[in-house]
Amino acid sequence: VLISSTMSTLVAEQTREIGIMRAVGARRRQVAAIYLRTTLLLGGIAALVGAALGILVSSLLARTFGATFWAIDVGVGVDPPVLAASLLVGLLAPPLAALPAIRRGLRVDLRDALDASGSTLGGEGRLDRALRRAGFLPRAMQIGLRNVGRRRRRSLATALMVALAVANLLAVLGVAAAATEATRRSWGSHLEDLQVATGGRDLFDAEAAAEIAATPGVAEAEAVLKNAVVLNGQDAFVWGVEQEPLFDHRLTDGRWFTGAEAEGEERVAVVEANIAELLGIEVDDRVTVRSAAGTADFLVVGLADNQQEDGTVVYVPLTTARALIAQPAGANAYWIRADDPDPAFVDRTTTLVEDRLAALGYEVDTEITYVAERDEVAANRSLTTSIGLIGFVIVAMSMVGLANAITTNVLERTREIGIVRCIGARARDVRRIFTTEGVAIALLGWVIGIPLGYAFTRLLVRLIWEVAEVRIPVLFPPLNVLVALVGTVVLSLLVLHVPVRRAVRFRPGDALRYS
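Computed from a predicted structure; not experimentally measured. (Residues numbered from 1 in each chain as written. Predicted model: local features only at pLDDT ≥ 70, side-chain atom pairs only at ≥ 80, totals over all residues. Heavy atoms only, no water.)

Digging into the overall build of the chain
When helices and strands are tallied, the chain shows 19 helices and 10 strands. The globule rule puts the C-alpha radius of gyration for 515 residues at 24 Å, and the 33 Å found for the chain is more than 25% above it. If one aligns the C-alpha atoms of the chain with their principal axes, the spans along those axes are about 100 × 50 × 45 Å. Residue burial in the chain is summarised as follows: out of 515 residues, 41% are buried. In the chain, of all internal contacts separated by at least 6 residues, the share reaching a separation of at least 24 is 80%. A total accessible area of about 26,400 Å² is found for the chain, and carbon and sulfur atoms account for 59% of it. Between the mean site of the 52 positive side-chain charges and the mean site of the 55 negative ones, the chain shows a separation of 28 Å. (Helix = DSSP H or I, 4+ residues; strand = E, 2+ residues; numbered from the N terminus. Rg over C-alpha atoms; globule rule 2.2 N^0.38 Å. Buried < 20%, exposed > 50% of the residue type's maximum accessible area, 1.4 Å probe, protein only. Contact = heavy atoms within 4.5 Å. Areas by Shrake-Rupley, 256 points an atom, 1.4 Å probe, with all protein chains shown as cover. Lys, Arg positive; Asp, Glu negative; His and termini not counted. Charge placed at Lys NZ, Arg CZ, Asp CG, Glu CD.)

Structural notes on the packing of aromatic side chains
Evaluation of the coordinates by the stated rule reveals 10 aromatic pairs. Where W239 meets F247, the ring centres are 6.1 Å apart and the plane angle is 75 degrees; that geometry is what we call edge-to-face. According to the relative accessible area criterion, W239 is buried, its value standing at 2%. Arranged with centres 5.9 Å apart and planes meeting at 85 degrees, the rings of W239 and Y315 form a pair that is edge-to-face. Taken together, the residues W239 in strand β3 (residues 234–241) and Y315 in strand β8 (residues 313–317) connect sequence positions 76 residues apart. The pair formed by W239 and Y315 is uniform in burial state, with each residue classed as buried. Above the face of the W239 ring, K226 is positioned so that its terminal group lies 4.1 Å from the ring centre. (Phe/Tyr/Trp six-rings, centres within 6.5 Å; stacked < 30°, edge-to-face > 60°. Lys NZ or Arg CZ within 6 Å of the ring centre and 35° of its normal.)

A word on the nonpolar core
Note on soluble globular proteins: their nonpolar side chains tend to be buried together. Counting 36 residues, the largest nonpolar core has V196, L231, V271, Y334, I336 and L357 as the members making the most contacts within it. Among the elements that take part in this core, strand β2 (residues 218–231) stands out by supplying five residues, more than any other. Look past the residues within four positions of L357 in its chain and what remains in contact with it is V196, F204, A208, I212, Y362 and V364. In terms of nonpolar packing, the next biggest core, distinct from the first, is built from 31 residues, V166, L173, V410 and V504 among them. (Core = buried A, V, L, I, M, F, W, Y, C linked by side-chain atoms within 4.5 Å.)

So, the pairing of β3
Here β2 pairs with β3 via seven bridges, running antiparallel. The residue of β3 that forms the bridge with L231 is Q234. Here β2 hands over to β3 after two residues, with N232 in that stretch at a positive phi of 50 degrees. (Pairing = 2+ DSSP bridges.)

Focus: helix α4 (residues 80–106)
In an α-helix, one turn spans 3.6 residues; hence positions three or four apart end up facing the same way. Under the 1.5 Å per step criterion, the end-to-end length of α4 is 39 Å for 27 residues, consistent within 8% with the ideal 39 Å. The largest bend along α4 reaches roughly 40 degrees and is located at L99, with the proline P100 sitting one to four residues downstream. Of all the residues in α4, the buried ones are G90, P94, P95, A98, A101, I102, G105 and L106. (Expected span 1.5 Å × (residues − 1). Bend = angle between axes of the 7 residues up to and from the residue.)

With respect to the pairing of strand β7 (residues 294–304)
Sheet topology note: the strand β4 (residues 251–254)/β7 ladder contains three bridges and is antiparallel. Bridge pairing links G254 to G302 in β7. Relative to β7, strand β6 (residues 286–291) runs antiparallel, the two sharing six bridges. By the bridge assignment, R286 is partnered in β7 with L299. From the end of β6 to the start of β7, which pair antiparallel, there are two residues.

Some details on the packing of helix α14 (residues 369–412) against helix α17 (residues 478–495)
Across the interface, α14 lies against α17 with an axial gap of 9 Å and an inter-helix angle of 45 degrees. By the criterion of interaxial angle, the relationship of α14 to α17 is oblique. Seen along the crossing, α14 lies across α17 with a hand that is right-handed. Only V483, G487, T488, L491, S492 and V495 of α17 make contact with α14, whose side of the interface consists of F392, V395, A396, M399, L402 and A403. (Axes fitted to C-alpha atoms, helices over the stretch in contact; angles between N-to-C directions. Parallel < 35°, antiparallel > 145°, perpendicular 65-115°, else oblique. Left-handed = near helix turned anticlockwise from the far one by under 90°.)

Description of the packing of α14 against helix α16 (residues 427–468)
The interhelical angle for the contact between α14 and α16, taken along N-to-C directions, is 140 degrees, at an axis separation of 10 Å. Like other packed secondary-structure pairs, α14 and α16 cross with a definite hand, here right-handed. Here M399, L402, I406, N409 and V410 of α14 come into contact with α16, specifically with F434, E437, G438, I441 and A442. Considering only residue class, the contact of α14 with α16 consists of seven nonpolar, two polar and one charged. (Nonpolar A, V, L, I, M, F, W, Y, C, P; charged D, E, K, R; others polar.)

Here it is as structure tokens:
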């Protein structure tokens, strides 16, 4: 789209030169070949520069994310098929995109081309008549808005380019908000203040349980037995929990297991909705769970929309989990609620629990809920901020097309500029005319981009589920729409500076003689 807009500007500026070339004997095919070679050269240079920048930026992003999220050092990597495809697109796409503009330039009658003046007065349409009645608008703004309607196809194409960029930005910001919300909801399910888990293979026994319960600051301690399993052929996790756990399970269908089922060590399970949807599991189905302790069948009594372990957890009674591994008092983790949720108090309680269990010979790993939630939200924010910045870059790139469109309009209306200057218009009036035109097109793109952004958001959420099997909500915060509006207006004003400055610097006499 940018190449097409650029070539439209170039051809519009050189209409008279095209006419001269044809007048001295050049055929249309020869003139077209000149512009096609120009676009091919520009495309080749851009492809090489873009490939080098792509390798550099992708390597920097990979290194940053690798160090931030996985603590690994990522080197420079190049995917040959991707590189070859990028170079091929860079070479072939520009000439194809330039063809419509070249054809329009060559279809101009020879006499009209030689007499090209850049002026396109046109007739009076509905928009012109409506603006004439809008007396509350300054005259310069009326003319600028009228110019938008004069070149409807060009204005709409430019607005659509802005709209696609705005839609991408809104989708990225929406997914970022959804990821943060999913993280908060996931950790919001935890009612404990800290979790202590065995660092080795040995389970906590009754002595460890008593020591945890007797630790000053511990208000409640609840045993949990976690294990990696295979559920109907899919990797998953089983959590053996109490009938009333320190965990806010959110049921979407069915029920939670009862106290009688827990006492009877019955093989009932509540499956998280993510893996249930992936495997087609419904309430009252029977599922097969395979672990190191063997294979067991469970009756599904409920579905939950919690997002633990990326939505792959199966909740079973703690007594049932213990019976399957023949450890009637075993647990590899404890959820602990402190007497006071104050972070400083929780930190002190965590240290006491670690010291007491270490004295019994246990290697332990602890996870403080508020710290884990804070760190994960911060990590998501770093990732989504980086992606959001890329979204703003996309919007900025789309504004180049807006600058090209306004530049073309300035060239086409050069004599008009001379006329309005001769009848008393000041430089700032000309500036307001073209600034109004550019901002109006940008705002039109923003308006069109809002529903497109919502559609893109739903598409991205669906792709995340299909590719990564992670469920996040569909969020489209109104604040993001406002952010996109501010960014669109600010960027449009910045890119309009050059073409508007060109329009303002025309001398009235030179503008009237423009050819």
